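A closer look at the structure
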Amino acid sequence: MLRGEPGVGKTALLRYAEEQAEGMTVLQARGLEDEGELAFSGLADLFRAVLDQLETIPPAQSAALAGALGLGPPVAGDRFVVCVATLSLLAAVAEARPVLAIVDDCQWLDEASREALLFAGRRLEAEHVALLMASLEPEAAAHTFAGLDELTVAGLDRRAASGLLAECVSHAIAPQVIDRLMQVTGGNPLALRELAANLSEAQLTGAEELGEPLPPAAGVERAFLRRVERLSPETRNALLVVAASSGVTAAIAAACELLGFPPTSLEPAEERGLIRSDDGRTHFSHPLLRAAVYHSATITARARAHTALAEGLMVDVKRESAEAHEPVSLPAAERRAWHLAAAARCPDELVAAALENAAASARGRGGYAASATALDRAAKLSPADEDRVRRLLGAARDWLLAGHAGPALELLHDALASTSDNRQRAAIQHLRAQVEMSQGEFVAAYELLESEAARIADVDEAQASLMLADAAMGAASVGAIEAAVGLGRKAHALGTRAGGTAQLVSDMIFGASLVMSGETEQGTSLVLRHAQLPEGQDAPPAVLQIMPTVLLVLEEYDQARALLDWLSASARALSAPSLLVPALPLRADLGYRTGDWLAAYADAVEGLRLARETNGNILYGLGYLAQIEATQGLEKDCREHTAELILLGSRFGVGGVLSYAHTFTGRLALGLGLIDEAIAELEEATRLIESHKMREPNWVQEAPDLIEAYVRAGRIAEATERLADLQQKAERTERVWSLAAAARCRGLLADERSFEREFEEALAYHDQTPTPFERARTELCFGERLRRARRPSDARLHLRSALEMFDRLDAAPWAARARSELEASGEIVRPRDDGGLRSLTPQELQLALIVGRGATNKEASAALFVSPKTVEAHLHHIYVKLSIRSRTELALVLALAQMLD
């Protein structure tokens, strides 16, 4: 990304790069100020010459990109499919020869194209693709393209400026004049050239004063205007049409004809270098020149130009209606609607309706920001309040789908002030609360939902139930579990009467809140009632997030795995990365609990990366990654992730994630033998859990860690008190994990005559569920007590079993403890092998797992949202690190590593 002020030379550098790109395929696009509202207009320009290669990328991606560019029917679904398709098409074009993709004036690029290019840019690795972009310096633009390598282009130094000025004017320039121009322009090349071109010979030689030159941008615009003013009125008016257009030569010619200008009217401007035409497009020589022409015109003149452009586009609109989905560019109806809007001087329902249709077209192609902008403008042009409110609500909804909460809240505030209809008000307030929750304002959101649901309950029970269900989720997020139960109960009562989606959502959320509060029987019944979703694709996102979470807590591992595998496979098949964001952290938690730590770690890393790239919720990704890092002793990574989790949880008031963060930090410290720190962290986790009224010990598993830390610190009374609480909760909820953990802790505290019985009971519980790490911990504690009871032979049996499992899971601190105990019992222990799969990076590991299951390179690239070239490069590294030569050997390595028996 090249950054710099207007005229500093960014475009010149891009042209230089193009000239040097010998043997490369060069793709080019340029952001246009008037096309920022047209979704994917930037991508349409960039890929114009290579659209014949769409069929070479995965079908789901090809269909989504074709729909986005108006070359096929719209494809509903995740907006990030187009982002993945952008990377795939760049990689596909680069198969023949390297690609240089150049994008100028990114500050005016439409948001959908910007998002796609940013996603692709972050993932370019082995594709032989160079992405070179240029943008203005404002902070907003810098934030938008965060994550790309950057180069700031500064002004020329005095020597270079002198050389440039010598080329621009035919007279000698006095040193003091150069100094003055440098002072005014900061060495900006365009400003130097344009200002000098308007100075007299006397001024250049220093014989006359320069006066007060304008600041660079204003001065350049004024200089440009002086050049334009020398043209005939006819040419100036034709130039205004070019400035008001998107640069399509045919559309400009049609508009000029409608206004009565002959085809030759633009030739004088082209001869003077103000514009240039190539490849069916007409461009100004510099964006500042376009701005100068457009903004210097009167409002009436601009409206006349836009009206002509809109009328000229009617031919394309009619053709696109007749020829289904075979346009040569983005839908002409969208362009026409925006020209009509630019010409509108007062509310006009016909123009507003055209914009609403344009919004529907953009939304269908995945351009949510463009749709929101069109609906917002349509609302401003709506004569009737009812239409205005409807369009404001739609615009706010699209802004939220595009990931922008601020504009959504502003529009909802306007909509609420303009309606007296209860149903509209409920829809507005429901969406407002969802936006607030996305910003971390959970308490205000769930209180708002509760009060607004009461207003609508008599009119629309289904709507009120869904509002109360969302309120319950908000309450649970901040740790107000009793409030969540109360809200969930109200939602359930209304949802049961309403049926359908309202019943499904309210059953699930009420059931989850009951499970959290320790009301096991009723909560489990409500959740398991819907465990087999007949129409999984149609289930609301809240259900697909909550159901696997509760299934894990209920130890319904097979059902949780089936659901999460289906969600993940569906998201990968659809090339929909944002759909993976909630699924992958839960898969990581499932893998952690059931002992598949290789896959769990890979899932957690990928889930967090995708959450950051798609602006999704990173809290769960941070938490479940920190859980694995804590137990494997990855201290630096774990502390970084828990610190970020605590920062975000505190900022947004998400109390639940704070208890996770302190639990995982405490588990890290316990494994490393930092007992005082472990106790402090785990006590804080316990305090938070108790303040939240969380009575399901299997939700946040901090209690056994704290009891063990107390025992190792000799604080027996406190350990005994904690154990009593854990025992009570375990007996009430009857989770196998809780019962086994309580028995293990009883073994830690029992006297010499009874500890063996307690540990044996814990192992019997472990036999009922596939939780190998928990079993290994019990065997470690059992072996430690047996050794201290002077029974080394019996101790070794359990210590060996524990060490084998800890090593298999790569739980290094726990393995070190088991190894130390074995050595103390008199056994010689072989050193741990640190090679193999442990040497792979998380991305290599994820690829190895997918390829090991039989995926081809093409299938793996589609699943991981990378190119086949990147897959090839990573596979090569995997083979070298594992000392293997084939996929068959890789599958064997993985099978051996994942065997638990």
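Residues numbered from 1 in each chain as written. Predicted model: local features only at pLDDT ≥ 70, side-chain atom pairs only at ≥ 80, totals over all residues. Heavy atoms only, no water.

Applying the stated criterion across every chain yields a total of 11 aromatic pairs. Aromatic side chains Trp 597 and Phe 773 sit 5.3 Å apart centroid to centroid with 45° between the ring planes, which places their arrangement in the tilted category. A residue pair is termed long-range when its members are at least 10 positions apart, and Trp 597 in helix 31 (residues 597-613) and Phe 773 in helix 40 (residues 772-788) qualify at 176 residues. Phe 773 sits in the buried class, given a relative accessible area of 2%. Taking the centre distance of 5.8 Å and the plane angle of 35° together, the rings of Tyr 660 and Phe 664 count as tilted. (Phe/Tyr/Trp six-rings, centres within 6.5 Å; stacked < 30°, edge-to-face > 60°. Helix = DSSP H or I, 4+ residues; strand = E, 2+ residues; numbered from the N terminus. Buried < 20%, exposed > 50% of the residue type's maximum accessible area, 1.4 Å probe, protein only.)

Right, let's get into the sheet that holds strand 3 (residues 99-104). Each strand in a sheet pairs with another by means of backbone hydrogen bonds, the pair being arranged parallel or else antiparallel. Sheet architecture is open: five strands sit in the order 2-3-4-1-5, paired in parallel fashion. Each edge of the sheet is formed by a strand with only one pairing partner; in this case those strands are strand 2 (25-30) and strand 5 (151-152). Here strand 1 (residues 2-3) pairs with strand 4 (residues 129-135) via two bridges, running parallel. Its bridge partner lying in strand 4, Arg 3 is registered against Ser 135. Across the sheet, helix 4 (residues 81-93) lies against strand 2, strand 3 and strand 4, angled at about 135° from strand 3, the strand it touches most. (Pairing = 2+ DSSP bridges. Contact = heavy atoms within 4.5 Å. Axes fitted to C-alpha atoms, helices over the stretch in contact; angles between N-to-C directions.)

With that settled, consider empty space enclosed by the protein. According to the stated counting rule, one finds six cavities of 30 Å³ or more in the structure shown. Of the volumes computed, that of the largest cavity is approximately 190 Å³. Considering the residues around the largest cavity, the lining is formed by 18 residues, among which Arg 30, Leu 32, His 283, Phe 284 and Arg 290 are closest to the centre. Listing elements by their share of the lining of the largest cavity, those giving two or more residues are helix 12 (233-244), strand 7 (281-284) and helix 15 (287-296). For the lining of the largest cavity, the leading source of residues is strand 7, giving three residues. Across the lining of the largest cavity, the residue classes break down as six nonpolar, seven polar and five charged. What the second largest cavity holds in volume is close to 90 Å³. Lining the second largest cavity are 13 residues, with Ile 689, Pro 697, Glu 702, Ala 703 and Lys 729 sitting closest to its centre. (1 Å grid on protein atoms, 1.4 Å probe; cavity = no way out; pocket = protein on both sides within 12 Å on 5 of 7 lines; lining within 4 Å. Points joined across faces, edges and corners; volume = space filled by probe spheres on them. Nonpolar A, V, L, I, M, F, W, Y, C, P; charged D, E, K, R; others polar.)

On to helix 36 (residues 703-712), then. Burial analysis of helix 36 places nine of its 10 residues in the buried class, the great majority of the element. Taken together, the buried positions of helix 36 are occupied by Ala 703, Pro 704, Asp 705, Leu 706, Ile 707, Glu 708, Ala 709, Tyr 710 and Val 711. Check the buried side of helix 36 and you find it contacts helix 34 (655-672), helix 35 (675-691), helix 37 (716-733), helix 38 (736-749), helix 40 and helix 42 (812-824). At the C-terminal side of helix 36, Gly 714 shows a positive phi close to 75°.

Looking now at the nonpolar core. Leu 43 and Phe 806 are the most contacted members of the largest nonpolar core, which has 203 residues in total. Examining the composition of this core, we find that 10 residues originate from one element, helix 4, more than from any other. Filtering out sequence-adjacent residues up to four positions away, Leu 43 remains in contact with Leu 65, Leu 69, Val 82, Thr 86, Ser 113, Ala 116 and Leu 117. Grouped together as the second largest cluster of nonpolar side chains are 34 residues, Ala 359, Tyr 368, Ala 395 and Leu 412 included. (Core = buried A, V, L, I, M, F, W, Y, C linked by side-chain atoms within 4.5 Å.)

Summing up the model confidence of the protein, the mean pLDDT is 89 and the portion of residues at 70 or higher is 95%. Contacts for the low-pLDDT stretch residues 324-328, under 50 throughout, to residues beyond four places or in other chains number 10 contacts. (pLDDT = per-residue confidence, 0-100.)

Turning next to the packing of helix 32 (residues 619-632) against helix 33 (residues 635-652). Their axes nearest at 9 Å, the elements helix 32 and helix 33 cross at an angle of 150°. For the element pair helix 32 / helix 33, the angle class is roughly antiparallel. For the element pair helix 32 and helix 33, the recorded crossing hand is left-handed. On helix 33, the residues touching Leu 619, Leu 622, Gly 623, Leu 625, Ala 626, Glu 629 and Ala 630 of helix 32 are Asp 637, Cys 638, His 641, Thr 642, Glu 644, Leu 645 and Leu 648. For the contact of helix 32 with helix 33, the per-class residue count stands at eight nonpolar, three polar and three charged. (Parallel < 35°, antiparallel > 145°, perpendicular 65-115°, else oblique. Left-handed = near helix turned anticlockwise from the far one by under 90°.)

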